[in-house]
Amino acid sequence: MAGAKTVGNNLPQGLVVMFGLLFLTSLFEKLPNPVLGAIVILALSDLVQPMHWYHIYKVKPLDFLVPWVTFIMILWLGIADGIGIGVAFSLFMLILYSSFPGFAILGKRGADFVPIYQYDDDKGIDGVVIFRFAADLHFANAGILQSRVHEIVERKRGTPNEVHTVVIDASGMHFVDCTGATEMCVLKKR
């Protein structure tokens, strides 16, 4: 079943596991615990890949905390409680990331629009702010969108490059809930 390319592979795998649980567990109950532990360690040895963890640390250091918090809690509190705390911590990190989304002001560079802070020779369009919101727009972060746009417009008020148009680049928004849609309508009216 290794190398399967479709989800149809799950049915035979599930049947094999079900068969093993129903008919072969009596063979395992007489094995000593160290042998069962060795079987589990051998089965999980492919999952522990130090280079993968190093990559997670380099790309997003906060994501590196989730497996370590789970691991330490399992050692300290036991499997069920440790995994429960790991899941809760993972959900906390998800809420944290979605509550503080990334954003950028885009400028024209050649034929492309890129974040202005990346290149020294980027030019914004006079009187226009192109604002990229790099997250789903929902109740937890909808206020942030409005406050960031308002802050940018206020910063340029009274300058020669005063903002008369704001363009929202929604390419990073894959989901918008009612609160997010309401915030977009409020922005449109301003």
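Attention here is on the structure that accompanies the text.

Conventions used here
Here the residue numbering is sequential within each chain, running from 1 through the sequence in written order. Reporting of local features is limited, given that this is a predicted model, to residues whose pLDDT is at least 70; pairs of side-chain atoms are given and counted only at 80 or more, and all residues count toward the totals for whole chains, interfaces and linings. The side-chain numbers reported here are obtained from all heavy atoms of the structure, hydrogens and water having been left aside. Stacked, edge-to-face and tilted labels apply to pairs of Phe, Tyr and Trp rings (six-membered ring for Trp) whose centres lie within 6.5 Å, assigned for plane angles under 30 degrees, over 60, and everything in between, in that order. When DSSP locates at least two bridges between a pair of strands, those strands are taken to pair. The helix count covers DSSP runs of H or I at least four residues long, the strand count covers runs of E at least two residues long, and both are numbered beginning at the N terminus. For helices, the fitted axis covers only the stretch in contact; all axes are lines through C-alpha atoms, and the angles between them, taken along N-to-C directions, range from 0 to 180 degrees. Should any heavy atoms of two residues lie within 4.5 Å, those residues are counted as being in contact.

Examining the packing of aromatic side chains
In total, this model carries 6 aromatic pairs according to the counting rule given. Grouping aromatic residues by their ring pairs yields a cluster made of Y57, F64, W68 and F71.

Comments concerning the sheet that holds strand β3 (residues 128-134)
Taken in spatial order, the 4 strands make up an open sheet running β2-β1-β3-β4, and their pairing is mixed. Only two strands of the sheet have a single partner each, and these edge strands are β2 (112-115) and β4 (165-169). For this sheet, the mean angle separating the axes of adjacent strands, direction not counted, is 35°. Sheet topology note: the β3/β4 ladder contains 5 bridges and is parallel. Paired with I130 across the strands is V167, a residue of β4. Together, β1 (102-109), β3 and β4 form the strand contacts of helix α6 (residues 142-156), whose direction differs from that of β3 by roughly 155°.

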